[in-house]
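Observations on chain architecture
Below, each chain spelled out in residue letters.
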Amino acid sequence: MSSKISAEEMEELREAFQKVDMNGNGFICDAELNNLFKEVNLALPGFKIREIIKKLDRNKDNQISFDEFTAIFLDLKNDHVAQSFRKAINKKEGILAIGGTSELSSEGTQHSFSEEECYAFANWINSALEKDPDCKHVLPIDPNTGALFTAVGDGIVLCKMINLSVPDTIDERTINKKKLTPFTTQENLNLALNSASAIGCHVVNIGAQDLKEGKPHLVLGLLWQIIKIGLFADIELSRNEALAALLREGESLEELMKLSPEELLLRWANFHLTNAGMAPINNLSSDIKDSRAYFHLLHQIAPDGSKEDVPRVNIDMSGLNERDDLQRAERMLQQSDRLGCRQFVTSADVVSGNPKLNLAFVANLFNKYPALTKPENQEWTLESETREERTFRNWMNSLGVNPYVNHIYGDLLDALVILQLYERIKVSVDWEHRVNRPPYPKLGANMKKLENCNYAVELGKSSAGFSLVGIGGQDLNDGNATLTLALVWQLMRRYTLNVLEDLGDGEVAGDELIVNWVNKTLAEAGKTSSINSFKDKEISTSLPVLDLIDAIQPESVNFDLVKRESLSDEDKLDNAKYAVSMARKIGARVYALPEDLVEVNPKMVMTVFACLMGRGMKRT
């Protein structure tokens, strides 16, 4: 056996084995195996450890000899998990490096992906879509292989996951589900990508071909964004007033509302830990590695049987006495399974403090068992995010602004996001001399933010040529809703029109140019519909939009699904849902919502026709 392993490798293995074999008896117990793999720079997820134990402990004595361990090393040498221990030294824990996964790969670039994420996301999808008949051809996805990357290749699973995260984003009638061809698969992937963008996913560097080829780092990146949006959907005070129970003494409701979902989740966990008499945690990574906080959190949120139809669940806390972190984590996850919440993390993910997967684990716990009660004798009015605000916020996030915008006003107070948007519309920003960046000083922090806001207004007037009469930096810094939206709308409008100018001959794009192009395209295709402006009441039927889509890509619209006569409001909304999804399906990155068409919101209507014009101008 040793002849198949280099002397240097053998020495590395022997040193690692001796380090873990504390009593020097020549054996390690199965529970120590994870530590042994870590010693040779090959940290493995829990499922892999369990598989290896079955193979490794050949005489079933619960002890692993050096020869047994060496044998499994040989098996792993050609495995996709690790080409060799030496290569693993240069990787992050739990990360696999692969080549050929981007346009840069021809220049030697390597991209990495997390096997833990692959395992977690595959299981989440299996659970979420297990009863969906349209996904039977790829489900269940084997989480132990790369099946996840091929499962998303036809776009159906992605479309379904988007609708699970943000219901009704995609009209199911527009998904190609049977007898798929390369062309109809491409349409599904276009639909998924443009719809993901519309809900706030950053997909600028992801193309349909990348997903069709199952490029791991891109697939996992997109899936995480989609899953996270769904997990965080109800971690918002206006949608879940019981979160007000997390108010601290002297804290205002406005301050609580400014917290991000991540901050609220940590606040929620600490709320229950405090009630359990435990010290608070500072993060969902290093502070949860020993599983003790998780044990107490589960105990606090488990149903006590006081609610009808919700049986009591008793959490077994004896696992706290386990001396080994990995075994303690496994015992904790067994208890989470009793709550139906054993998702996203393995025991190894807990012990390693994987921040992304632990965040998802806690978010899922919150969504199923928040265990919060809205404070009594509290009167307040919480205004939900408007459709327009949500559309603008999703547009900003889809462009990859940093930080991520959770609250459109609170997260723009220092204008850093707005300044990034200026760059997206080709307005130069003097980041070195004019922009203050965090961390801001304790004294004068607001002054630094106000300086940024003043600069943002200055750029809008001088470089972008925006109409900002009556708008000052103080308005942005104060979170003035009306005036902030006025600036953001002009940024979005310019961004949309810039695309048209880039595709055309440099002609300045405006409303009249777009309306003329729409009517000319409709007429040339023999369509009878037309529009006078973006306020045309005929747009409420969505017929001009659907006719234009069919003119751009002939025979793409199934007009048997379109209602034409004596339309009720419900009929109009049905048409609008179909129209918006069809626009995205043929490749138009539409951010507007179906309601914008029905209500003929001229701002959003303009973006729909402008995006379709951009798609039409790309025709060969």
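One structure accompanies this document, and this report is about it. (Residues numbered from 1 in each chain as written. Predicted model: local features only at pLDDT ≥ 70, side-chain atom pairs only at ≥ 80, totals over all residues. Heavy atoms only, no water.)

**Some remarks on the overall build of the protein**
Basically, it comes down to this: Numbering of helices and strands runs from the N terminus; a helix is a DSSP stretch of H or I covering at least four residues, while a strand is a stretch of E covering at least two. Categorising residues by exposure relies on relative accessible area from a 1.4 Å probe, with only protein chains included: less than 20% of the type maximum marks a residue as buried, more than 50% marks it as exposed, and the intermediate range marks it as partly exposed. Should any heavy atoms of two residues lie within 4.5 Å, those residues are counted as being in contact. Surface accessibility in these figures is a Shrake-Rupley result with a 1.4 Å probe; residues are shielded only by whichever protein chains are displayed.
Within the protein, the secondary structure is distributed over 28 helices and four strands. Scored against the burial criterion, the 620 residues of the protein give a buried share of 53%. If you take every contact in the protein between residues at least 6 apart in sequence, the share linking residues at least 24 apart comes to 60%. Carbon and sulfur atoms form 47% of the exposed surface of the protein, whose accessible area is close to 29,000 Å².

**Description of the side chain of Asn-270**
The residue Asn-270 is located in helix α13 (residues 261-275) in this model. When residues no more than four places from it in sequence are discounted, the contact partners of Asn-270 are Pro-280 and Ile-281.

**Looking at the nonpolar core**
Heads up, the condition is: Take the buried Ala, Val, Leu, Ile, Met, Phe, Trp, Tyr and Cys residues and link them wherever side-chain atoms come within 4.5 Å; each set so joined is a nonpolar core.
If you look at the biggest cluster of nonpolar residues, it comprises 97 residues, and the most contacted ones within it are Leu-222 and Trp-268. What Leu-222 contacts, discounting residues up to four positions off in sequence, is Leu-158, Leu-193, Ala-196, Cys-201, Val-203, Ile-206 and Leu-211. Listed in part, the 80 residues of the second largest apolar core include Cys-453, Leu-468, Leu-497 and Ile-539.

**Some remarks on helix α18 (residues 387-398)**
We apply this condition: Every helix has an expected span of 1.5 Å times one less than the residues it contains.
Between its terminal C-alpha atoms α18 stretches 16 Å, which fits the 16 Å expected from twelve residues at 1.5 Å a residue. When you tally the buried positions in α18, you get nine out of twelve residues, the bulk of the element. On its buried side, α18 packs onto α9 (182-198), α19 (416-424), α23 (481-503) and α28 (602-617).

**Describing the packing of aromatic side chains**
Convention followed: In this scheme Phe, Tyr and Trp rings, the latter by its six-membered ring, pair at centre separations within 6.5 Å, and the angle between planes marks the pair as stacked below 30 degrees, edge-to-face above 60, and tilted otherwise.
Under the counting rule described, the total for this entry stands at eight aromatic pairs. When the centroid spacing of 6.4 Å and the interplanar angle of 35 degrees are considered together, the rings of Phe-392 and Trp-489 count as tilted. Highlighted residues: Phe-392 in helix α18 and Trp-489 in helix α23, separated in sequence by 97 residues. Residue Phe-392 is classed as buried on the basis of its relative accessible area of 0%.

**As for the pattern of salt bridges**
Charged atoms that come close allow side chains of opposite charge to pair. Threshold: Salt bridges, as used here, are contacts in which a Lys or Arg side-chain nitrogen is within 4 Å of a carboxyl oxygen on Asp or Glu.
Under the counting rule described, the total for this entry stands at 27 salt bridges. Close ionic contact of Lys-160 with Glu-172 constitutes a salt bridge, the shortest N to O distance being 3.0 Å. In this pair, Lys-160 is assigned in helix α8 (residues 156-165) and Glu-172 in the loop between α8 and α9, connecting sequence segments twelve residues apart. Lys-228 is the partner of Glu-262 in a salt bridge, and the nearest nitrogen-oxygen pair spans 3.2 Å. You can see Glu-262 sitting in helix α13 and its partner Lys-228 sitting in helix α11 (residues 216-231), a full 34 residues away along the chain. Relative accessible area serves as the criterion here: at 27%, Glu-262 is assigned to the partly exposed category. In the salt-bridge network here, residues are joined through shared partners; they are Asp-132, Asp-134, Lys-160, Glu-172 and Lys-177.

**Observations regarding the state of the cysteines**
Heads up, the condition is: Throughout, disulfides are identified as pairs of cysteine sulfur atoms within 2.5 Å of each other.
Per the stated rule, a full pass over the model turns up zero disulfides. Looking at the unpaired Cys-159, the closest cysteine sulfur is the one in Cys-135, lying at 9.7 Å. In this structure Cys-159 comes out as buried when scored by relative accessible area, which is 0%.

**Comments concerning the packing of α19 against α23**
Note the following rule: Axes here refer to lines fitted to C-alpha atoms; in helices the fit is confined to the stretch in contact. Angles between the N-to-C directions go from 0 to 180 degrees. Each angle receives one of four descriptions, namely roughly parallel if under 35 degrees, roughly antiparallel if over 145, roughly perpendicular if within 65 to 115, and oblique otherwise. Left-handed describes a crossing whose near helix is turned anticlockwise from the far helix through less than a right angle; right-handed describes the clockwise counterpart. The classification used treats Ala, Val, Leu, Ile, Met, Phe, Trp, Tyr, Cys and Pro as nonpolar, Asp, Glu, Lys and Arg as charged, and all other residues, Gly among them, as polar.
Put simply, α19 and α23 touch, their axes get as near as 10 Å, and they point 20 degrees apart. By the criterion of interaxial angle, the relationship of α19 to α23 is roughly parallel. Pair α19 / α23 crosses with left-handed handedness. Taking contact as the criterion, the partners of Ile-418, Leu-421, Tyr-422 and Arg-424 in α19 are, on α23, Leu-487, Leu-491 and Tyr-495. Among the residues making up the contact of α19 with α23, the classes are represented as six nonpolar, no polar and one charged.

**Some points on unusual backbone geometry**
Here the residue pair Asn-402 and Pro-403 is connected by a cis peptide bond, since its omega of 10 degrees sits within 30 degrees of zero. Here Pro-438 and Pro-439 are connected by a cis peptide whose omega angle stands at 5 degrees. Along the polypeptide, Pro-439 turns up in the loop between α20 (431-434) and α21 (445-462). The backbone of Lys-426 sits at a positive phi, close to 70 degrees, despite the residue not being glycine. Examined against the element boundaries, Lys-426 turns out to sit in the loop between α19 and α20. Assessed through its relative accessible area of 59%, Lys-426 is described here as exposed. Of note, the phi angle at Glu-555 is positive, near 65 degrees, even though the residue is not glycine. The topology assignment puts Glu-555 in the loop between α25 (543-552) and α26 (569-585). We classify Glu-555 as exposed; its relative accessible area is 76%.

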